[in-house]
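Understanding the architecture of this molecule
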Amino acid sequence: MNLAHDDLGPRNGQPVLLVHGHPFDRSMWRPQAEYLAERGHRVVAPDLRGYGDSKTADTKTGLDVFANDLVELADHLGLASFVLGGLSMGGQIVMQLTKDHPGRVKALLLAGTFPGLDTPEAKQARYDTAARITAEGMERYADELLPKMISKQTRATRPDVEAHVRRMMRDAPKEGAAAALRGRAERPDYTPTLKHIDVPALVVVGSEDEFTPVTDAELIHREIRGSALVVIEGAGHLPNLERETEFDEALSTFLKNSGATP
């Protein structure tokens, strides 16, 4: 799989691989990519298969497929090991990759994500949503999701963030988004694997996150020994965009403390 990607910063910098969520693209990580690149990191932010500029004919894409794509990209770029970060579905892909390829990951960022299985109702909702967006496209789906993606405060004060999030969701290829929903419905439970993670980990969540509330982040924090937890006040499901300054500072502090700073 040839993933479209941004590759910023010095080639000899500590690599950071950032994985976007659903239904977004690599521009979701632009504030962090630019921030870290300016501080000497090499930051790679790809479009997952079926999203952005990474095309696919898949009708179902498992999280293991996404994870293997990322390892292939890292191999292609000569990255033997890297800091790995993901948000929402991206965080679940991070957990999958860490389980399947533990020797590749130097440190972890898990933002706005949860490790457990869907309820039967939520699992069926993913299949139903996949069918719906395949039939009608992304526009109405994006408009319905938007109020849950970002906090009321963000919508009132950051029209630039709202416009960016809406654009990413509306522009997501419907076939790729549907394939990911079907694969994600069949993902494993990552909770038992968290206690085996032995690299530094940062868990971040917005205080107003409706999809993955603070309790989900607290669970991950408890299970990963020695992890750090940061709750970003006033942010919803996308704290890296809604409160990028606080998010960047938390990430920078973590990278310094973990020894992953150039």
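Above: the structure in question.
As a starting point, this report considers the structure included with it. Note that the structure is predicted; figures quoted are calculated from it, not measured.

What follows is about the overall build of the chain. Across its full length, the chain holds twelve helices and seven strands. Taken over C-alpha atoms, the radius of gyration comes to 17 Å for the chain, in line with the 18 Å a tight globule of 262 residues would show. Oriented by its inertia axes, the alpha-carbon framework of the chain measures out at about 45 × 40 × 35 Å. The burial tally for the chain puts 57% of its 262 residues in the buried class.

Applying the stated criterion across every chain yields a total of 26 salt bridges. With a shortest N-O distance of 3.3 Å, Lys 99 and Asp 100 are connected by a salt bridge. On the basis of relative accessible area, Lys 99 is assigned to the partly exposed category, the value being 40%. Note on Asp 100: relative accessible area 31%, which makes it partly exposed. Put simply, Arg 170 and Glu 139 hold a salt bridge, and the shortest N to O gap is 3.7 Å. Taken together, the positions of Arg 170 in helix α7 (residues 159-171) and Glu 139 in helix α5 (residues 139-149) put the pair 31 residues apart, joining distant regions of the chain. For Glu 139, a relative accessible area of 49% puts it in the partly exposed group. Residues joined by salt bridges that share partners form a network here, namely Glu 139, Asp 143, Arg 155, Glu 162, Arg 166 and Arg 170.

Time to look at the packing of α5 against α7. Interaxial distance between α5 and α7 falls to 9 Å at its minimum, and their mutual angle equals 140 degrees. Here α5 runs over α7; the crossing is right-handed. Contact with α5, carried on its side by Glu 139, Ala 142, Asp 143, Leu 145, Leu 146 and Met 149, involves Glu 162, Val 165, Arg 166, Met 169 and Arg 170 of α7 and no other residues of that element.

We now examine helix α2 (residues 63-77). Helix length check: α2 (15 residues) gives 21 Å between terminal C-alpha atoms against 21 Å at 1.5 Å per residue, within 8%. Of all the positions in α2, only Leu 63, Phe 66, Ala 67, Asp 69, Leu 70, Val 71, Leu 73, Ala 74 and Leu 77 are classed as buried. Buried residues in α2 make contact with β1 (5-8), β2 (15-19), β3 (42-46), β4 (82-87), α3 (89-100) and α8 (174-185). A positive backbone phi angle near 75 degrees is found at Gly 78, which sits one or two residues after α2.

With that settled, consider α8. Across its twelve residues, α8 extends 17 Å between first and last C-alpha, which sits within 8% of the 16 Å expected from 1.5 Å per residue. By the criterion of burial, α8 is predominantly enclosed, with nine of the twelve residues buried. Taken together, the buried positions of α8 are occupied by Gly 176, Ala 177, Ala 178, Ala 179, Ala 180, Leu 181, Gly 183, Arg 184 and Ala 185.

This next bit is on the nonpolar core. Within the largest apolar cluster, 79 residues are counted, with the highest numbers of intra-cluster contacts made by Leu 84, Ile 93, Val 165 and Leu 238. Among the elements that line this core, the one with the most residues is α2, at eight residues. Those residues in contact with Leu 84, other than ones at most four positions away along the chain, are Leu 17, Val 19, Val 94, Leu 97, Thr 98, Val 105, Ala 107, Leu 108 and Leu 109.

As a further point, take the sheet that holds strand β6 (residues 201-206). With mixed pairing, seven strands are arranged side by side in an open sheet as β1-β3-β2-β4-β5-β6-β7. Edge positions in the sheet fall to β1 and β7 (228-232), since each has one partner strand and no second. Here the average twist between neighbouring strands, direction ignored, is 15 degrees. Relative to β7, β6 runs parallel, the two sharing five bridges.

Time to look at the side chain of Ser 88. For Ser 88, the position within the fold is in the loop between β4 and α3. With a relative accessible area of 7%, Ser 88 lands in the buried category. One polar contact links Ser 88 to His 237, side chain to side chain, over a distance of 2.9 Å. Leave out the neighbours within four places in its chain, and Ser 88 touches Ala 111, Gly 112, Thr 113, Arg 184 and His 237.

Turning our attention to the packing of aromatic side chains. For the structure shown, the criterion picks out one aromatic pair. Here Trp 29 and Phe 247 contribute two aromatic rings whose centre-to-centre distance is 6.2 Å and whose plane-to-plane angle is 50 degrees, an arrangement assigned as tilted. Taken as a pair, Trp 29 in the loop between β2 and α1 (30-38) and Phe 247 in helix α12 (residues 244-258) lie far apart in primary sequence, 218 residues in all. Residue class for Trp 29 comes out buried when judged on its relative accessible area of 0%. On the accessibility criterion, Phe 247 (2% relative accessible area) is buried. Between the NZ or CZ atom of Arg 39 and the centre of the ring of Tyr 35, over which it lies, the distance is 3.6 Å.

Scoring rules and cut-offs
Residues numbered from 1 in each chain as written. Predicted model: local features only at pLDDT ≥ 70, side-chain atom pairs only at ≥ 80, totals over all residues. Heavy atoms only, no water. Helix = DSSP H or I, 4+ residues; strand = E, 2+ residues; numbered from the N terminus. Rg over C-alpha atoms; globule rule 2.2 N^0.38 Å. Buried < 20%, exposed > 50% of the residue type's maximum accessible area, 1.4 Å probe, protein only. Salt bridge = Lys/Arg side-chain N within 4 Å of Asp/Glu carboxyl O. Axes fitted to C-alpha atoms, helices over the stretch in contact; angles between N-to-C directions. Left-handed = near helix turned anticlockwise from the far one by under 90°. Contact = heavy atoms within 4.5 Å. Expected span 1.5 Å × (residues − 1). Core = buried A, V, L, I, M, F, W, Y, C linked by side-chain atoms within 4.5 Å. Pairing = 2+ DSSP bridges. Polar contact = N/O pair within 3.5 Å; in protein donor to acceptor, adjacent residues only side chain to side chain. Phe/Tyr/Trp six-rings, centres within 6.5 Å; stacked < 30°, edge-to-face > 60°. Lys NZ or Arg CZ within 6 Å of the ring centre and 35° of its normal.

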